[in-house]
Amino acid sequence: MQQFHTVYGGAVVEVVRDLQRARQAVLTARAAGKRVGFVPTMGALHEGHLSLIRRARRECSFVVVSIFVNPTQFGPNEDLDRYPRPFQRDVQLCAREGVDLVFAPSPEAMYPAGYSTYVDVEGITERYEGACRPGHFRGVATVVTKLFHIIPADVAYFGQKDAQQLAVIRRMVADLNFPLEIVACDTVRDPDGLAVSSRNVYLDPQQRRSALGLSRALFEARRRFQAGERSREALGTLMRRIMEQSGIAVDYADVVDPESFEPVDPATEQALLIVAGRVGQTRLIDNLPLWTPPPEPTH
Ligand code: PAF
């Protein structure tokens, strides 16, 4: 069991590695009448994570961030070993954002010898990311279930960037009656449109330029939709072409229902554009709702 505090400009955050201790800290906060917000992460925190943490900070009186690179959601040929782990920097960012508790368990504590229980969400996990990354969502659903038991929060925050993961978790929370609310936060983009992701650090400057093909494809398809195009095939082909022209090896480009991840044809305002592809060794995903909110009134 290891526990320490980091001070950032006077801010203190408690880092807890022990499962029972983390759970006890959350139960104590709840018993004191605090609303507990939880942001599960795999670390390598970026602006996307920080937007989740800031929303949790605004809406809750006790904020927990977990940092755990979950081995069960990586396939055998994926980037588990090279996944970035800037732990000290992550903890400092949490301190700066006013997080109350960082939960950072070890893989051995989460999956001790003899571990043999997994959570499978059927249907939605078989398509798109599920088809490209067999076993990925089983690992996500399993670790999120464990995290929700260890950190019994009132509300958990997830990024819209991982739209299918969000849909899987919402399905699981509804099906298994988890007593917590799931809040989705908008994708954060760099000024040139690239969705922020922990995996962007793998990209060299040339690859980063190529990667812009994902967001360009999405925004161009949305423009076509707004101009009247409703065909799933036409929108998919357009996105695929833009990505290929940028040097991306396309995994998929489609129009789907954001809850079921079933294809939608003809496209409707409720549908979601989704894309995935590889730039060199790096696999990137992105999505964009076809619905655009009307501009805020200025008065
Ligand atoms: O989105 C992530 O960072 C991970 O998939 C999650 C939800 C923390 C589970 O490991």
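Below is a short write-up of the structure.

A word on the side chain of Gln165. Structurally, Gln165 is set in helix 7 (residues 163-175). Gln165 gets classed as buried once you look at its relative accessible area, which sits at 18%. Ignoring anything within four residues of it in the chain, the contact list for Gln165 reads Phe137, Val140 and Phe158.

On to the packing of aromatic side chains, then. All told, the structure shown has 9 aromatic pairs when counted by the stated rule. A ring pair is formed by Phe68 and Tyr111, whose centres lie 6.3 Å apart and whose planes are at 35 degrees; its orientation type is tilted. Residue Phe68 is found in the loop between strand 4 (62-67) and helix 3 (87-96), and its partner Tyr111 is found in the loop between helix 4 (107-110) and helix 5 (129-132); the two are separated by 43 residues along the sequence. With respect to class, Phe68 is no different from Tyr111; both count as buried. With centroids separated by 6.4 Å and ring planes inclined at 75 degrees, the aromatic side chains of Phe148 and Phe158 adopt a geometry described as edge-to-face. Remark: Phe158 occurs in strand 6 (residues 155-159) and Phe148 occurs in helix 6 (residues 136-150); sequence separation between them is 10 residues. Residue classification places Phe158 among the buried residues on the basis of a relative accessible area of 5%. Of the aromatic side chains, those joined through ring pairs into one cluster are Phe38, Phe148, Phe158 and Phe178. We note Lys146 situated over the ring of Tyr111; from NZ or CZ to the ring centre the distance is 5.7 Å.

Let's shift gears to the nonpolar core. The biggest cluster of nonpolar side chains holds 46 residues, and the ones touching the most others in it are Val64, Phe148, Ile151, Ile182 and Phe261. Ranked by the residues each element gives to this core, the list is headed by helix 6, at 8 residues. The contact partners of Phe261, leaving out residues within four places of it in the chain, are Ile124, Arg127, Tyr128, Ala163, Gln164, Ala167, Val256, Leu272 and Ile274. Grouped together as the second largest cluster of nonpolar side chains are 27 residues, Phe225, Leu235, Leu238 and Val264 included.

Moving on, we get to helix 6. The terminal C-alpha atoms of helix 6, which comprises 15 residues, lie 21 Å apart, in line with the 21 Å expected from a rise of 1.5 Å per residue. With 13 of 15 residues buried, helix 6 is to be regarded as a mostly interior element.

Let us look at the sheet that holds strand 8 (residues 249-256). Strand order in the open sheet formed by 3 strands is 8-9-10, and the pairing between neighbours is antiparallel. Unpaired on one side and paired on the other, strand 8 and strand 10 (282-289) mark the two borders of the sheet. With strand direction ignored, the average angle separating the axes of adjacent strands in the sheet is 10 degrees. Examined bridge by bridge, strand 9 (residues 272-279) and strand 10 share 8 bridges and lie antiparallel to one another. Within strand 10, the position partnered with Ile274 by the bridge is Asn287. Across the sheet, helix 8 (residues 205-226) touches strand 9 and strand 10, and the angle it forms with strand 10 is around 20 degrees. The sheet contacts of helix 9 (residues 232-245) involve strand 8 and strand 9, and relative to strand 8 the element is tilted by about 150 degrees.

Criteria and thresholds
- Residues numbered from 1 in each chain as written.
- Predicted model: local features only at pLDDT ≥ 70, side-chain atom pairs only at ≥ 80, totals over all residues.
- Heavy atoms only, no water.
- Helix = DSSP H or I, 4+ residues; strand = E, 2+ residues; numbered from the N terminus.
- Buried < 20%, exposed > 50% of the residue type's maximum accessible area, 1.4 Å probe, protein only.
- Contact = heavy atoms within 4.5 Å.
- Phe/Tyr/Trp six-rings, centres within 6.5 Å; stacked < 30°, edge-to-face > 60°.
- Lys NZ or Arg CZ within 6 Å of the ring centre and 35° of its normal.
- Core = buried A, V, L, I, M, F, W, Y, C linked by side-chain atoms within 4.5 Å.
- Expected span 1.5 Å × (residues − 1).
- Pairing = 2+ DSSP bridges.
- Axes fitted to C-alpha atoms, helices over the stretch in contact; angles between N-to-C directions.

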